[in-house]
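Here are the chains, one letter per residue:
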Amino acid sequence: MAYFDQKPLVIGDLVAQTPVVQGGMGVGISLSGLASAVANEGGIGVLSAAVVGMMHQTGPSARDNIAALREEIRRARAKTKGVLGVNVMVALSDFGEMVKTSVEEGIDVIFAGAGLPLNLPSFVGKGCKTKLVPIISSARAVRTIAKWWKEKYNYTPDAFVVEGPMAGGHLGFHKEQIDDPEYRLEKLVPQVIEAVRPLEEQAGRKIPVIAAGGIFSGADIRRFFDLGASAVQMATRFVATEECDADIAFKNAYVACKEEDIGIIQSPVGMPGRAIVNGFLQQAAQGEKHPAGCPFHCIITCKQKESPYCISMALINAGRGRMENGFAFIGANGYKVKEIVSVKKLFETLSEEYRQSKDGALAAVREDSI
């Protein structure tokens, strides 16, 4: 299948014919259903490891999460022969166990962000085929990770995802940087590509740069291909698909969302995040929500005594459709979602938008030449 006139995304010996990575979304938003559907269309389908045990209604312990992640990876494998990844946040208290489990299950790619994954190579042995891809927000992070990995593990990253401030969920930026033009993804991508070049020369191989954060349409995809990105990562638009693992109420919150409903919140884990600001978050901001306890101990940086609510419980509730007791993270362009479609239909739409953006550009060139 050829949705875009772009080379396949090649990460080592992995080949994704459609150069689109579906971003990992927790809690329980991107599991085996969504990931396998994306992989079947030639992209990279990504499962989220965050508190996955609770989405299986097993329990909050590390052991429960391991068992649930194994099951989700195996379910996805049974549905596709395509490329599958797992997103593991560095801030997870069971980060190491989630990475080990993913490797043991033969996952194709591990995407690691929400912190610098400095020890990620320590979990893969010699001859391991799992590719390691840091999610970063600056060229400086590229250099820091590459230097550390080389000195400590003699390992060069297999690719990088550079995520800009228009993304949904937790953001790797200070609040004042989010709307600063200097931190727009269009500026970050060329900077990261430049930082990756010497790594490619040293490694003697291509190290793809994947652009992420606010990419919504086929025209957006073309723009970042033109800037030199080897692929794009998209998350928000995949929520409004039939195969997305979230409850229909969660998906409908996206369809109903207006631009003014989207805001920046301060997450209990200590990072800013972009979400649909609903009644739950408004009550939390007014001090009306208080965590009854900390059943998960899931995020290293979470300070329970200072937290207005338990973010894991809020996200679990939302993923199960109980929006009055939780909320949905969303990208800056999420208000443009108008309907729920199949993953295949979404790719066909993106492809048509991509083609139209090229036709429009050519028409403008011809008009200027008259």
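Q: Before we move on, can you summarise the overall build of the chain with the specific residues and values?
A: Check the secondary structure of the chain and you find 13 helices and 13 strands. The 370 residues of the chain split such that 57% are buried. For the chain, the share of sequence-separated contacts (at least 6 apart) that also reach a separation of at least 24 residues comes to 67%. In the structure as shown, the chain presents an accessible area of about 16100 Å², 50% of it carried by carbon and sulfur atoms.

Q: Provide a residue-level description of the sheet that holds strand E13 (residues 272-276), including the pertinent values.
A: Taking strand neighbours across the sheet as the criterion, the three strands line up as E9-E13-E12 in an open arrangement whose pairing is antiparallel. Two strands lie at the open edges of the sheet, namely strand E9 (169-170) and strand E12 (262-266), each paired on one side alone. In the sheet, E12 pairs with E13 via five bridges, with the strands oriented antiparallel. By the bridge assignment for E13, Ile-264 is matched with Arg-274.

Q: Break down the pattern of salt bridges for me, with residues and values.
A: Oppositely charged side chains can form a pair if their charged atoms are brought close together. Under the counting rule described, the total for this entry stands at 19 salt bridges. Between Arg-75 and Glu-72 there is a salt bridge, with its nearest N and O atoms 3.2 Å apart. Of the two residues, Arg-75 and Glu-72 both sit in helix H3 (residues 62-79), three residues apart, roughly one turn of that helix. Judged by relative accessible area, Arg-75 falls into the partly exposed class, the value being 38%. For Glu-72, a relative accessible area of 3% gives the class buried. We note a salt bridge from Glu-151 to Lys-147, for which the minimum N-O separation is 2.9 Å.

Q: Can you break down helix H10 (residues 248-256) residue by residue, with the values?
A: Buried residues of H10: Phe-250, Lys-251, Ala-253 and Tyr-254, and no others. For H10, the arc enclosing every buried residue in end-on projection is 150 degrees, short of the 170-degree limit, so these residues lie on one face. Buried residues belonging to H10 abut helix H9 (236-239), E13 and helix H12 (311-319). The N-cap residue of H10 is Asp-247: its side-chain oxygen and the backbone nitrogen of Ala-249 are 2.8 Å apart.

Q: So what's going on with the nonpolar core? Residues and values would help.
A: One finds Val-88, Phe-95, Ile-221, Phe-238, Phe-250, Tyr-309 and Phe-327 to be the most contacted residues of the largest nonpolar core, which totals 108 residues. The element best represented in this core is helix H7 (residues 185-203), accounting for eight residues. Excluding residues within four positions of it along the chain, Phe-95 makes contact with Val-88, Met-89, Val-90, Ala-112, Asn-119, Leu-120 and Phe-123. Among the nonpolar cores identified, the runner-up in size contains 17 residues, and Val-109, Phe-111, Val-133 and Ile-210 belong to it.

Q: Explain unusual backbone geometry to me, using residue names and the numbers behind them.
A: Here Gly-26 and Val-27 are connected by a cis peptide whose omega angle stands at 5 degrees. At Asn-154, a residue that is not glycine, the phi angle is positive and equals roughly 55 degrees. Its place among the elements puts Asn-154 in the loop between helix H5 (139-153) and strand E8 (160-163).

Q: I'd like a rundown of the packing of H5 against H7, residues and numbers included.
A: Two numbers describe how H5 lies on H7: the axes approach to 8 Å, and their chain directions differ by 25 degrees. In terms of orientation, H5 lies roughly parallel with respect to H7. Considering the relative orientation of H5 and H7, their crossing is right-handed. Residues Ala-139, Val-142, Arg-143 and Ala-146 of H5 form the contact with H7, whose participating residues are Gln-191, Val-192, Ala-195, Val-196 and Leu-199.

Parameters at a glance
- Residues numbered from 1 in each chain as written.
- Predicted model: local features only at pLDDT ≥ 70, side-chain atom pairs only at ≥ 80, totals over all residues.
- Heavy atoms only, no water.
- Helix = DSSP H or I, 4+ residues; strand = E, 2+ residues; numbered from the N terminus.
- Buried < 20%, exposed > 50% of the residue type's maximum accessible area, 1.4 Å probe, protein only.
- Contact = heavy atoms within 4.5 Å.
- Areas by Shrake-Rupley, 256 points an atom, 1.4 Å probe, with all protein chains shown as cover.
- Pairing = 2+ DSSP bridges.
- Salt bridge = Lys/Arg side-chain N within 4 Å of Asp/Glu carboxyl O.
- Arc of directions from axis to C-beta.
- Polar contact = N/O pair within 3.5 Å; in protein donor to acceptor, adjacent residues only side chain to side chain.
- Core = buried A, V, L, I, M, F, W, Y, C linked by side-chain atoms within 4.5 Å.
- Axes fitted to C-alpha atoms, helices over the stretch in contact; angles between N-to-C directions.
- Parallel < 35°, antiparallel > 145°, perpendicular 65-115°, else oblique.
- Left-handed = near helix turned anticlockwise from the far one by under 90°.

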